[in-house]
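These are the residues of each chain, in order.
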Amino acid sequence: MLQNEIRTQKLVIGIFSILLTVVLIIIAGVEAKRTTETKPVIEVSGINKRCVSCHTERGIAVKAIDQWKESQHAIKNIGCIDCHKAEQGDFDAFYCPDSDILVGKHPTPKDCAECHKQQVEEFAQSKHAHQFWVIKNDDRSIFEPTIATRNGCEQCHNISIVWPDQSVGECDACHPKHTFSRAVARQPETCGECHIGPDHPHIEIYLESKHGNIFRAKEKQMDLSYSSKDLKKIPIEVPTCTTCHMDGNETQPSTHNVSARLAWESQAAWSYRTVWLQDKLGDWKVKRGRMESICKSCHSPDFVEVYFLTADLVNLQYNEIRRSFVYWVKKLQKNGLIKELEANGKKYSDIVLNGWDEEPEYLMYHAWHHEGRRFRHGAIMMGADYTQWHGIWELQNDLVELIRWAAERGDPEAKKWVNSTHPSKFMPYAIYDIPGNAWGINALSNKVQFLYVNYKDYWDRVYQNVKYAYEKGLLSEEQWQLWLKRYNNKEHYLGTKYNVDSVYAYYQQLNAIDTKAMNEQVVNMQLPGKPFYEPGFGFMVEDNKAKSKDMVRRKEELNNNRQGTTTGGSVK
Amino acid sequence: MNQMQEKKFSERLPIDFKKIAEVILNEPIPGHMKNWFYALGATPLVLFIFQVVTGILLTFYYVPSPDLAYQSVKYITEEVRLGFWIRGLHRWGSNLMVIAIFLHMVRVFFTRAYRKPRELNWILGILMLITTLGLCFTGYSLIYNQLSYWATTVGTNMIKEIPIFGSLFLRFLRGGETVGVNTLTRFFDLHIGLLPTTLFVLIILHIVLVRVHGVSRLEGYEDDEIYRFYPEHMYHVAVIALFLLTVMSALTVVLPPGVGEPADPSTTPLHIKPEWYFYWIYFLLKYLPIKLGIALILVALIVATFWPFIEDILKKKFPKVKWHYIVGSVAIVLLLIFTVYETIIY
Amino acid sequence: MEKETRREFLEKIFVRVAGLSALALTLLNIAKYIYPKISPPKLRKVLIAKEGEIAPGEAKEINFGGELLFLVNLGKEYKVFSGTCTHLGCKVRWEGHKQRFFCPCHKGIFSSDGKVISGPPPRPLDEFKVEVDREFVYMWIEEKQSGRTI
């Protein structure tokens, strides 16, 4: 009996030993999984130690010190004075209070260039550094008070600041001091600080694109602080703004010249192929090639090329729409219906760009500066809604309004346009097109457009236009070949040679049911209680009349009283 | 060792180890002790040994200074290999020890094992409980994070209210006006020196008394079967030890010891609370005027300490009433209510 | 003594193996806790000068992490020496005109590349690894462990 009990107890000991062993193994596992990440210890020595201790003591810009401690600068032993050093006579030199330390208040790109020479040079050759807003400044110079410009335009366009030391640019516009974080510079919102709003909604376009959507969904898993020099692979799954416009991949070095990969001047009043520093950066084809080689990190070459060709045709189409706008305002000006602003022999508005006292000038400004850009930039950066509703829709509205304005002012041609009932009237300009799109073959969508359903020579005319653009150098040889490939096989790309009638019929049926339901439910009904307003003789019921009379009386009294007090005041 | 050597050895160290071993190992144990509930006395002992071992290991890295205490705890928890395990064992060990002692007391109380002639051992037990709680309190304050810092401040402030010696005692503990460097070093001394030594001596006395008196028989079962301490009861203890180590290790993985915010003497955090085993005190102080609360606690302590004698007096007056059931149940219910209430309302 | 049955024997083995493994693991874990992990020191490079800042044959005093160091341009290469004399720990000074480091305490003299020329120092000045990357001169330092910073 007792012997048995001891045996059981021994067994229990054995079982618990096993249990303990298991738990201990788990603990060892937990231990092994723990990563002890050691942060580098920041040494502050020499003159920087004096900066840090004094600033901390006096509580001046203490956060800046904390930020600096997080920076790569701190890790590499680059301290306060390395950037804030100054020489006697420098425009920003001053002695730190109660000390003999000469400090530069504004480190400029010249200071950054001490180490980041290449980046500063690249930046200076980009359109970020271009002071076009000072060169072409009508709206700022006449339409807005300067104080607004200080806080508005100037804050963003400060990125092209020209410093007294002749260096150009503002590095901390994107690399916020004093962490100078790469990750922050790569965050889309950094670009979006300025590239936002009605005239260039790039952050909005990005966020509505597939790129932006995936970025938002997976942002937390992505580390944007990587270094992209040395032709390394792109380490993140989905691009942010900088991935395409600045960062490198296996084929492209990273660049601080945001203009090095752009093929269009699509912010301008007309879309034209860029010639920006082309002796240094290459022509637009070279620049486009850079961009494409980034795109091709993730996308197939065919997709990228078709996509850009489609977007390029949007830019070209914009020019044709604009041509109509320009035609009309020039005619209106010739006929003396609109005038430019002028003072001391200098013009302060430009009928083909802006001017703020006549309707057509407004329309011109918006059709270029707002919807015109949205139309083009939406197309080139996958912002469908910006190409569509914020873009072409508003552009067309502007055009219709412009012609109607002319008709109201008696222009015979405009009147004719207004009175025309032909559906082609909305496209009084030449047309570009491409069979199909980059996303796939849509066997249905090409059955509706008026022009190419009704004009047998639709594609012939388009062919001529595209060919002309190619011959003018607005499209490359490869693009022309790509276009021809689609043109020669357009039944395939347009999907018209595929029969999907049965599918279509099914959805037509469903549509018929929907329409019927709508008609039955709400369209064909009339409420029995009449509306209170009747055309011709709207009247008030007696009761209301009395009430309103009362109100009018009281209001008068109130006014009288107020006048009484003010006059009384003045008498005293 | 052959006999010659043995003889030489015992000549130089004339202690009869065999005899001692025999006395210790052959201790007769009443049969009812086979029930696990009756082995609870060994649990705190096992835990005490664990605490000593893990405690010594913790001092390898712990630095008792306000500047470094928190950092070194963080270092142990986050960087030292298996540091979180050792610290977790120590922390869970302290919690389980309070529970084990409490259960042991409950068992002793309801079986009236403290009755004549074992009153002294009950008093020793109460002293051990107080020492253990003292260890818990000082240990908690050593972490030196926000919670433990303020728990220490509040806890030591209570001492001031003790009649006559209160403020003297407070200043002895704190070594200054507020909790600071001196408090930390004093608490460290108490925690690793004075209190464990006291507890150790008390444990020895407690066991010696148990052995000298013999394990108490259950009332009404005076003649149950007897077995030897070794091997059965030893196995019991071994199982308990293994079980505890397993449970505490597992708890460490599931609920690892945290570090919290470093102590900041200039801001009191929004929610401060002592460890759960002080909730009843916390409750009394929250809802009663402080003097009354302290007085009540002191009275409770005195009654608990001298309960065996008090019961005798009561018994003489009301021989029929089972006082220990009434008082025990009321005490447990009150403690539970206070603790649960404080746990729930946070 | 009774003869052990096969089952009893297996049970005995089971209990012993289990007990031993638990004991061994516990002790192993405790040993791991006691002996701090010695990981290879992490190295980090810090910028100490730009090329052209120091003429050949010149030296620059560097203060890094409370340590006095000297960066010497030896013409074809740069070297960084600790400013602490290898004799008894005084700080040496650079004497440009004599192209040497001089320790005032016991008149130890080191050449511009750190070797002992005369005096009691037992070994050359301690040296740090230097790297020149484009126009920047870096020095490699050992990363301090963040746990014990003070």
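Residues numbered from 1 in each chain as written. Chains lettered and ligands numbered in written order. Predicted model: local features only at pLDDT ≥ 70, side-chain atom pairs only at ≥ 80, totals over all residues. Heavy atoms only, no water.

Under an unreviewed UniProt entry, chain B has the name Cytochrome b6 and belongs to Candidatus Chryseopegocella kryptomonas. Comment text from UniProt for chain B, heading Subcellular location (unreviewed entry), reads "Membrane". (UniProt positions renumbered as here; feature names shortened; annotations may be inferred.)

Chain A has the name Seven times multi-haem cytochrome CxxCH in an unreviewed UniProt entry, where Candidatus Chryseopegocella kryptomonas is given as its organism.

(A) Examining unusual backbone geometry more closely. Between Lys 177 of chain A and His 178 of chain A the backbone carries a cis peptide bond, its omega angle lying at 0°. For His 178 of chain A, the location among the structural elements is in the loop between α11 (153-157) and α12 (182-186). Here Lys 116 of chain B and Pro 117 of chain B are connected by a cis peptide whose omega angle stands at 10°. Counting through the fold element by element, Pro 117 of chain B comes out in the loop between α5 (83-110) and α6 (119-142). (Helix = DSSP H or I, 4+ residues; strand = E, 2+ residues; numbered from the N terminus.)

(B) A look at the sheet that holds strand β9 (residues 127-128) of chain C. All names here are of chain C. Read across the sheet, four strands follow the order β2-β3-β4-β9 without closing on themselves; strand pairing throughout is antiparallel. The two strands at the open ends of the sheet, each matched to only one other strand, are β2 (59-64) and β9. Pairing between β2 and strand β3 (residues 67-73): six bridges, direction antiparallel. From the neighbouring strand, Glu 61 faces β3, where its bridge partner is Phe 70. (Pairing = 2+ DSSP bridges.)

(C) Representation of the side chain of Ser 112 of chain C. Residues and elements named next belong to chain C. Residue placement: Ser 112 occurs in the loop between β7 (108-111) and β8 (116-118). Given the relative accessible area of 15%, Ser 112 is considered buried. Apart from the residues within four sequence positions on either side, Ser 112 is in contact with Val 72, Leu 74, Phe 81, Trp 94, Gln 99, Arg 100 and Phe 101. (Buried < 20%, exposed > 50% of the residue type's maximum accessible area, 1.4 Å probe, protein only. Contact = heavy atoms within 4.5 Å.)

(D) Quick look at the pairing of strand β10 (residues 130-133) of chain C. Residues and elements named next belong to chain C. Where β10 meets strand β11 (residues 136-142), four bridges bridge the pair, whose relative direction is antiparallel. Within β11, the position partnered with Glu 131 by the bridge is Tyr 138. Hairpin geometry of β10 and β11 is characterised by an intervening segment of two residues between the two adjacent antiparallel strands and by a positive phi of about 50° at Arg 134.

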